[in-house]
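# Structure at a glance
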Amino acid sequence: QVQLVESGGGLVQPGGSLRLSCKASGSIFRINDMGWYRQAPGKQRELVAQITSGGRTKYADSVKGRFTISRDSAKSAVYLQMNSLNPEDTAPYYCNAALQTTWVTPLRNYWGQGTQVTVSS
């Protein structure tokens with residue numbers, strides 16, 4: 001069984017910063033892409049940032065230059081440094097990992113439970 005556990009969300013004032021962490025645990029053979037998604041009320045879940053196993057990154061246009069994704073493959077962890085936060089960034093943030101549980105199983109997406117980020121004065 002695989003678990004993704006996020007931490008680091010909270011309440012922050014506009015212009016502030018937060019760092020989200022996500023650690024995968026359980027029966028894991030290989031992790032491919034890892035990423036962060038968010039889903040504001042009344043909106044579809046959207047990709048915020050993604051990082052490949054080789055370290056290539058991709059960002060939503062709305063967060064480029066403000067957010068930085070990184071990973072520690074040895075710890076099966078991914079991080080999201082969020083700077084210059086604004087109220088439009090308010091949402092639950094979900095960690096995602098595409099991984100194999102054994103060498104013969106196909107890649108499958110796993111999700112964390114989410115961590116709330118609220119940007120408000």
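For the structure itself, consult the block above.
Here goes a summary of the coordinates provided. This one's a predicted model, so the numbers in the text were calculated from it and none came from an experiment. (Residues numbered from 1 in each chain as written. Predicted model: local features only at pLDDT ≥ 70, side-chain atom pairs only at ≥ 80, totals over all residues. Heavy atoms only, no water.)

## Re unusual backbone geometry
Short version of the rule: In DSSP terms, a helix is any run of H or I states spanning at least four residues, a strand is any run of E spanning at least two, and both are numbered starting from the N terminus. For the exposure calls, accessible area comes from a 1.4 Å probe over protein chains only, and a residue counts as buried if that area is under 20% of its type's maximum, exposed if over 50%, partly exposed in between.
Its identity as a non-glycine residue notwithstanding, S76 has a phi of 55°, on the positive side. Tracing the sequence through the fold places S76 in the loop between β7 (67–72) and β8 (77–82). In the Ramachandran plot, S84 falls in the positive-phi region, its phi being about 50° despite a non-glycine side chain. Looking at where S84 falls in the secondary structure, it is placed in the loop between β8 and β9 (91–100). Given the relative accessible area of 43%, S84 is considered partly exposed.

## Some thoughts on the sheet that holds strand β1 (residues 2–7)
Picture the strands of a sheet paired through backbone hydrogen bonds; they go either parallel or antiparallel. Cut-off, in case you're wondering: At least two DSSP bridges between two strands are required for those strands to pair. Fitted lines through C-alpha atoms serve as axes, helices being fitted only where they are in contact, and the angles separating the N-to-C directions of these axes extend from 0 to 180 degrees.
Across the sheet, which stays open at both edges, the four strands sit in the order β1-β3-β8-β7 with antiparallel pairing between neighbours. The sheet is open, and its two edges are formed by β1 and β7, each paired on a single side. When the angles between neighbouring strand axes are averaged without regard to direction, this sheet yields 15°. Relative to strand β3 (residues 18–26), β1 runs antiparallel, the two being bridged by six bridges.

## Observations regarding the pairing of β9
A large share of β9 lies buried, amounting to ten of its ten residues. Examined bridge by bridge, strand β4 (residues 30–38) and β9 share seven bridges and lie antiparallel to one another. When the sheet's bridge partners are listed, M34 is paired in β9 with A97. Judged from the three bridges that link them, β9 and strand β11 (residues 115–119) form a sheet pairing that is antiparallel.

## Topic: the state of the cysteines
Threshold: Here, a disulfide means two cysteine sulfur atoms that sit within 2.5 Å of each other.
Applying the stated criterion to the full structure yields one disulfide. Through a disulfide, C22 is tied to C95; the S-S separation comes to 2.0 Å. Between C22 and C95, the S-S dihedral sits near -80°, and the bridge is therefore left-handed. Highlighted residues: C22 in strand β3 and C95 in strand β9, separated in sequence by 73 residues. You can call C22 buried: its relative accessible area is 2%.

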